[in-house]
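Residue-level listing of the chains:
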Amino acid sequence: MRECLSIHVGQAGVQIGDACWELYCLEHGIQPDGIVLDSKKDRLENAKMAPMAASFDTFFCETRAGKHVPRAFFMDLEPTVIDGIRTGKYRSLFHPEQLVSGKEDAANNYARGHYSMGSEIIDLVLERIRKLAKPCGGLQGFLIFRSFGGGTGSGFTSLLMEQLSKHYGRKTKLEFCVYPAPRISTAVVEPYNSILTTHSTLEHSDCTFMVDNEAVYDICHHQLGIERPSYTSINRLVGQAVSSITASLRFEGPLNVDLIEFQTNLVPYPRIHFPMTAFAPFVSAEKAYHKAFSVSDITTACFEFSNQLVKCDPRLGQYMACCLLYRGDVVPKDVNAAIAAMKSKHSIQFVDWCPTGFKVGINNHPPTMMPGGHLAKVQRAVCMLSNTTAVVDAWARLDHKFDLMYAKKAFLHWYIREGMEEGEFSEAREDLAALERDYEEVGQSLRSDSKNEY
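Procedures and definitions
Residues numbered from 1 in each chain as written. Predicted model: local features only at pLDDT ≥ 70, side-chain atom pairs only at ≥ 80, totals over all residues. Heavy atoms only, no water. Helix = DSSP H or I, 4+ residues; strand = E, 2+ residues; numbered from the N terminus. Rg over C-alpha atoms; globule rule 2.2 N^0.38 Å. Buried < 20%, exposed > 50% of the residue type's maximum accessible area, 1.4 Å probe, protein only. Contact = heavy atoms within 4.5 Å. Areas by Shrake-Rupley, 256 points an atom, 1.4 Å probe, with all protein chains shown as cover. Lys, Arg positive; Asp, Glu negative; His and termini not counted. Charge placed at Lys NZ, Arg CZ, Asp CG, Glu CD. Phe/Tyr/Trp six-rings, centres within 6.5 Å; stacked < 30°, edge-to-face > 60°. Core = buried A, V, L, I, M, F, W, Y, C linked by side-chain atoms within 4.5 Å. Patch = residues over 30% accessible without salt bridge, like charges linked within 9 Å, V, L, I, M, F, W, Y side chains within 5 Å. Salt bridge = Lys/Arg side-chain N within 4 Å of Asp/Glu carboxyl O. Pairing = 2+ DSSP bridges. Expected span 1.5 Å × (residues − 1). pLDDT = per-residue confidence, 0-100. Axes fitted to C-alpha atoms, helices over the stretch in contact; angles between N-to-C directions. Parallel < 35°, antiparallel > 145°, perpendicular 65-115°, else oblique. Left-handed = near helix turned anticlockwise from the far one by under 90°. Nonpolar A, V, L, I, M, F, W, Y, C, P; charged D, E, K, R; others polar. Polar contact = N/O pair within 3.5 Å; in protein donor to acceptor, adjacent residues only side chain to side chain.

Participant: For the overall build of the chain, give the residues involved together with the corresponding values.
Facilitator: In terms of helices and strands, the chain carries 16 helices and 12 strands. For 454 residues, the compact-globule estimate of 2.2 N^0.38 gives 22 Å, and the C-alpha radius of gyration of the chain, at 21 Å, lies within 12% of that figure. Once the C-alpha set of the chain is aligned to its principal axes, its extents read approximately 65 × 55 × 45 Å. Here the chain holds 454 residues, and 57% of them are scored as buried. Residue pairs at least 24 apart in sequence account for 82% of intrachain contacts in the chain once pairs closer than 6 positions are excluded. Accessible surface computed for the chain: about 19400 Å², of which carbon and sulfur atoms make up 52%. The centroid of the 47 positive side-chain charges in the chain is displaced by 5 Å from the centroid of its 54 negative side-chain charges.

Spelled out as structure tokens, the structure:
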């Protein structure tokens, strides 16, 4: 077995987790009470799901009673969001011990999440995670969902990652992070929280897939025609991308991608581990009947700015590595032709020290759409994870916001009173400046490097 544990931290992590597990259950034919659809009629209706059971045990654990329980853990420092799961449609799916909430919020404060509030609950959280990890025969690693800007997502996650590194050493840790959007903000102190958490988790995280609310909001609004996108529609859209990334761990396919393969192919240097996420096709139910999406169409769409889940223009940088994860009616011949066409385009620049550039995964299970959702059912889809030097713009933007506030020492007293020192802020900022320089160096060509040597 190659089990994966999903850990959902803070409001963003828990709500994205809710959307993801709802989608996983639909894809695997698991009902809200954890029982697999298995009557004769169900089997006929779900004939396509025949090969599904082969590997969904990586994400679900089967009890003696035949119930499937997600290998997941949800935690937040305040109870409201987790209470929503405790009383919601999928309340019977999770064991009560998989849902942990504190009594007092981190209040958008990294220091409360990491020090004062977080330190009180960390032992309980580690014990619950240990209970989930114990029955796993071959634990591959952890998928951690959180936001950079929130107090629990930033502060508590960095405390948890340090502990996971200590207790589970070599296990892979992949993160799905909601990155602060350029214009839409949910907290004034987002830049502080984001830079503090990036600094403290840089050495503990193996790979961090970034999405931001503004990019996803724009996709919902412009491509799907949703007048006022809610967090539910935003999270379901992110859930589709997460589902495509994890599909090869949950279903058998002709070209499977393992958890550790992501970091092996996407991370050229340990610190350069922030790939951008893109997905295609985004098609609304109304337009579905008027469009056909070939493998070539969806591959091209993934490289377009409008399909990126982060507000960051890939045309401004160079690609270091690209992972294309196809699902549905896709054959290798079409994929090879689509990639050859992309390589010939001048607008898509790769660094000169990475001649191959593309990693491909193919899974035959087509995407499943939520009933009554805004996305139309399609025969094939692709999720692209690309490590590009363009992401340095997102860091520079965030660093600038941090500098403006820190120059005036604004809001700093809230952090100091929770046990932090001012030195931690300058140390984190210096580390981020070093990260910006790392990205710039990586983007330099081999020719300029060889000139410098002589």
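Participant: With reference to specific residues and values, describe the environment of histidine 199.
Facilitator: By the element assignment, histidine 199 lies in helix α7 (residues 190-201). Given the relative accessible area of 21%, histidine 199 is considered partly exposed. Considered as a pair, histidine 199 and serine 158 are 41 residues apart in the sequence and their alpha carbons are 9.1 Å apart. Sequence-distant contacts of histidine 199, defined by excluding residues within four places in its chain, comprise Glu427, Ala428, Asp431 and Leu432.

Participant: Describe the packing of aromatic side chains, with residues and values.
Facilitator: Counted according to the given criterion, the structure contains 26 aromatic pairs. Taking 5.7 Å as the distance between ring centres and 85° as the angle between the ring planes, the aromatic pair formed by tyrosine 192 and tyrosine 415 counts as edge-to-face. Residue tyrosine 192 is located in helix α7, and its partner tyrosine 415 is located in helix α14 (residues 412-416); the two are separated by 223 residues in the primary sequence. Look at tyrosine 192 and you get buried, because its relative accessible area is 0%. A relative accessible area of 1% means that tyrosine 415 is categorised as buried. Aromatic pair phenylalanine 209 and phenylalanine 262: ring centres 6.1 Å apart, planes at 80°, arrangement edge-to-face.

Participant: How would you summarise the nonpolar core if you had to cite specific residues and measurements?
Facilitator: Membership of the largest hydrophobic core comes to 60 residues, with the highest contact counts inside it found for Phe74, Phe94 and Phe262. Residues in contact with phenylalanine 74, not counting those within four places in the same chain, are His8, Val14, Gly17, Asp18, Trp21, Ile82, Ile85, Phe94, Gln98, Leu99 and Val100. One finds Tyr110, Ala390, Met405 and Val442 within the second-largest nonpolar core, a separate group that totals 37 residues.

Participant: Go over a nonpolar patch on the surface, please, and point to the residues and values.
Facilitator: Taken together, Val188, Phe411 and Trp414 make up a surface patch of nonpolar side chains, about 290 Å² in accessible area. By the element assignment, phenylalanine 411 lies in the loop between α13 (392-407) and α14.

Participant: Would you mind going over the pattern of salt bridges in detail, with residue names and values included?
Facilitator: If you walk through the whole model with that rule in mind, you get 19 salt bridges. For glutamate 418, the salt bridge is made with arginine 112, and the minimal N-O distance between the two is 3.3 Å. One end of the pair, glutamate 418, is in the loop between α14 and α15 (422-443); the other, arginine 112, is in helix α4 (residues 110-116), with 306 residues separating them in the sequence. Of the two residues, glutamate 418 and arginine 112, neither departs from the other in class, the shared state being buried. Its salt-bridge partner being lysine 409, residue glutamate 422 comes within 3.8 Å of it at the nearest N-O pair.

Participant: Describe the pairing of strand β9 (residues 276-280), with residues and values.
Facilitator: The buried count for β9 comes to five of five residues, which makes it a mostly enclosed element. In β9, alternate side chains face the same way, and those of Met276, Ala278 and Ala280 on one face and Thr277 and Phe279 on the other are all buried. Note that β9 and strand β12 (residues 380-388) share five bridges and pair antiparallel. Its bridge partner being in β12, methionine 276 is matched across the sheet by serine 386.

Participant: Now, about helix α5 (residues 118-133): what can you tell me, with residues and values included?
Facilitator: Look at α5: 21 Å from first C-alpha to last across 16 residues, which is about the 22 Å you get at 1.5 Å a residue. Along α5, the residues that are buried comprise Gly118, Ile121, Ile122, Val125, Leu126, Arg128, Ile129, Leu132 and Ala133.

Participant: Which residues make up the confidence of the model for the chain, and what are the values?
Facilitator: When pLDDT is averaged along the chain, the result is 89; 93% of the residues meet or exceed 70. Between residues 47-54, whose pLDDT stays under 50, and residues either more than four places distant or in other chains, the model counts 11 contacts.

Participant: Outline the packing of helix α11 (residues 295-302) against helix α12 (residues 332-343), supporting the account with residue identities and numerical values.
Facilitator: α12 packs onto α11 with a crossing angle of 40° between their chain directions and a minimal axis gap of 9 Å. One way to sum up the angle between α11 and α12 is to call them oblique. Between α11 and α12 lies a crossing of right-handed hand. Contacts between α11 and α12 involve Val295, Ser296, Thr299 and Thr300 from the first element and Asp334, Val335, Ala338 and Met342 from the second. Of the residues contributing to the contact of α11 with α12, the split by class is four nonpolar, three polar and one charged.

Participant: Tell me about the environment of glutamine 263, and name the residues and values.
Facilitator: Here glutamine 263 is to be found in helix α10 (residues 259-266). For the pair formed by glutamine 263 and serine 294, sequence separation is 31 residues and the distance between their alpha carbons is 28 Å. Glutamine 263 has contacts with Thr172, Leu174 and Asp206, leaving out every residue within four places of it along the chain.

Participant: An account of the pairing of strand β1 (residues 4-9) is requested, with residue identities and associated values reported.
Facilitator: For β1, a buried count of six out of six residues is recorded, marking the element as mostly surrounded by other parts of the structure. Along β1, one buried face is formed by Cys4, Ser6 and His8 and the opposite face, lined by Leu5, Ile7 and Val9, is buried too. Where β1 lies against strand β6 (residues 141-147), five bridges are found, and the strand directions are parallel. Pairing of leucine 5 across the sheet is with phenylalanine 142, part of β6.

Participant: Quick one: what's the story with the side chain of histidine 204, residue by residue and with numbers?
Facilitator: Looking at where histidine 204 falls in the secondary structure, it is placed in the loop between α7 and β8 (207-212). In this structure histidine 204 comes out as buried when scored by relative accessible area, which is 14%. Here the side chain of histidine 204 touches serine 165 through a polar contact of 2.9 Å, side chain to side chain. Leave out the neighbours within four places in its chain, and histidine 204 touches Met161, Glu162, Ser165 and Lys173.

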